[in-house]
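Here is what each chain is made of, one letter per residue.
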Amino acid sequence: MSAPTHTRPHPAASGGVDVRLPWWAIVLPAVAFVALLLLILNPADAHATAGDPTLAHVLERAKELVLR
């Protein structure tokens, strides 16, 4: 008695991958990136909340590290 053999599935078409994203999957991350970039370039427009000076210190330190 011989073991059953399995046939190989048909190879996938080599026409490329057809991936369709909704419009917001591209637009929303791009808008968020631009908004954050503008805040970094012009920090006078970013109003920090009064209260926790530790957070302000951490953000100031991060800004210094990024701009070096």
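This text goes with the structure placed above it.
Residues numbered from 1 in each chain as written. Predicted model: local features only at pLDDT ≥ 70, side-chain atom pairs only at ≥ 80, totals over all residues. Heavy atoms only, no water.

1. A closer look at a nonpolar patch on the surface
What counts is decided by this rule: Patch building starts from residues that exceed 30% relative accessible area and form no salt bridge, then joins like charges within 9 Å and nonpolar side chains (Val, Leu, Ile, Met, Phe, Trp, Tyr) within 5 Å. Per-residue and other accessible areas follow the Shrake-Rupley method at a 1.4 Å probe size, with only the shown protein chains counted as cover for residues. Salt bridges are defined by distance alone: a side-chain nitrogen of Lys or Arg within 4 Å of a carboxyl oxygen of Asp or Glu. Labels follow the DSSP assignment, with helices taken as runs of H or I lasting at least four residues and strands as runs of E lasting at least two, numbered in each case from the N terminus.
Residues Val-17, Val-19, Leu-21, Trp-23, Trp-24, Ile-26, Val-27, Leu-28 and Val-31 make up a contiguous nonpolar surface patch of roughly 1000 Å² in combined accessible area. Here Leu-28 lies in helix 1 (residues 24-41).

2. A few points about the pattern of salt bridges
In plain terms, the rule: Note on classification: 1.4 Å probe, protein chains only; a residue is buried when its accessible area is under 20% of the maximum for its type, exposed when over 50%, partly exposed between these limits.
If you walk through the whole model with that rule in mind, you get one salt bridge. Glu-64 is the salt-bridge partner of Arg-61, the closest N and O atoms lying 3.5 Å from each other. In this pair, Arg-61 and Glu-64 are both assigned in helix 2 (residues 53-67), three residues apart and thus about one turn of the helix distant. Owing to a relative accessible area of 35%, Glu-64 belongs among the partly exposed residues under this scheme.

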